[in-house]
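Coordinates in review
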Amino acid sequence: MWESFFGFKKTPFSDSPDAKQLFASAAWQQVKARLDFLIQHPGVGLLTGEVGAGKSTAARVFTASLNPSLHKVLYLHFSCGTVLDLLRQIALALDLEPAHFRGDLVRQIADAITRLNQNKKQHPILICDEAHLLPHPALEQLPLLLNFNMDSTRYLTLLLVGQPLLRRTLSLQMHEALRQRIGTHYHLEGLTREELDAYLIQQLKAAGVTQLLFDDTARQGLYQATKGIPRKVNKLAMTALRLAAQRKAQRVDEAVLLDATAEALL
Ligand SMILES: Nc1ncnc2c1ncn2[C@@H]1O[C@H](COP(=O)(O)OP(=O)(O)O)[C@@H](O)[C@H]1O
Ligand SMILES: [Mg+2]
């Protein structure tokens, strides 16, 4: 076991970090500020970033921090969906028995959202993760859910989360209505070179090891290969540690990192 070779108490660089393992990078703080703004000023927020940059993690950590008596989080995670699929998922997230027809579904959702706001004083936040996969008609449906009342009160907050393609999709004329409502946008980049060092130290420490197990050249190589994208960093760092342990090496050096890169990052 490579973990015991280095004296880890648990596996470092895990894919499901607990609160102690979360790293507050500058970009992460920026996301948090945007999401705080979105809560203060209900409307539409957009969070984009490369695969593995930490978008879903940021959205989940943020929603977990909200007061559940004031906010109802509707988290949708789909690969692709028709308008009907989208509406059904929203209805289910609202604890409704989805109606059969589209018009009924929209009415049902609108009523539930209004009731939540007016009767329970609870504001719903709809999070569409992997929104770059939403087909155009489904995206076009979203602004219709934002104002179904005659008044200007915002009854629903929408957060779109997706890969960079989503920005291009939203720039199309057909999505003008949605685009105009976006009050806050952030593009989440990877960790900086300096942050990567701090991230490695934090992850190793959280797993019970205080020595920095990567030498200078390995850390540089790790940054170049991953551009600081957390999921890539985790995968490469873990592979490098496993290879080093196999070779009975106490530290990851450039040679180990190179072999690990070939294995971990296809
Ligand atoms: N701030 C962070 N601190 C620690 N690990 C993180 C952080 N952000 C992301 N990760 C790690 O990166 C992985 C990918 O993050 P994820 O949110 O799924 O990315 P995305 O949704 O952008 O594809 C997560 O499983 C987690 O292990
Ligand atoms: Mg994600």
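A closer look at the site of ligand 1
Around ligand 1, the surrounding shell holds 17 residues, and the nearest of these are Gly 54, Lys 55, Ser 56, Thr 57 and Pro 230. Only helix H3 (55-64) and helix H11 (230-246) provide two or more residues apiece to the shell around ligand 1. Here the shell around ligand 1 is composed, by residue class, of seven nonpolar, seven polar and three charged. For the shell around ligand 1, the two domains that each supply at least three residues are domain 1 (26-188) and domain 2 (191-264).

Quick word on the environment of Gln 203
Structurally, the position occupied by Gln 203 is in helix H9 (residues 193-206). Beyond its immediate stretch of four places on either side in the chain, Gln 203 contacts Pro 12, Phe 13 and Gln 21.

Topic: the domain arrangement of the protein chain
On domain assignment, one finds that the protein chain holds domain 1 (26-188) and domain 2 (191-264). One C-alpha centre belongs to domain 1, the other to domain 2, and the line joining them spans 36 Å. Domain 1 puts four residues into the contact, and the matching count from domain 2 is four residues.

Things to note about the packing of helix H4 (residues 83-93) against helix H5 (residues 102-118)
Put simply, H4 and H5 touch, their axes get as near as 10 Å, and they point 30 degrees apart. Put simply, H4 runs roughly parallel to H5. Regarding H4 and H5, the two cross each other, and that crossing is left-handed. Contacts between H4 and H5 involve Val 83, Leu 84, Leu 87, Arg 88, Ile 90 and Ala 91 from the first element and Arg 102, Leu 105, Val 106, Gln 108 and Ile 109 from the second. In terms of residue class, the contact of H4 with H5 is built from eight nonpolar, one polar and two charged.

Thresholds, definitions, all that
- Residues numbered from 1 in each chain as written.
- Chains lettered and ligands numbered in written order.
- Predicted model: local features only at pLDDT ≥ 70, side-chain atom pairs only at ≥ 80, totals over all residues.
- Near = placed C-beta within 6 Å.
- Helix = DSSP H or I, 4+ residues; strand = E, 2+ residues; numbered from the N terminus.
- Nonpolar A, V, L, I, M, F, W, Y, C, P; charged D, E, K, R; others polar.
- Domains from an automatic or database assignment.
- Contact = placed C-beta atoms within 7 Å.
- Axes fitted to C-alpha atoms, helices over the stretch in contact; angles between N-to-C directions.
- Parallel < 35°, antiparallel > 145°, perpendicular 65-115°, else oblique.
- Left-handed = near helix turned anticlockwise from the far one by under 90°.

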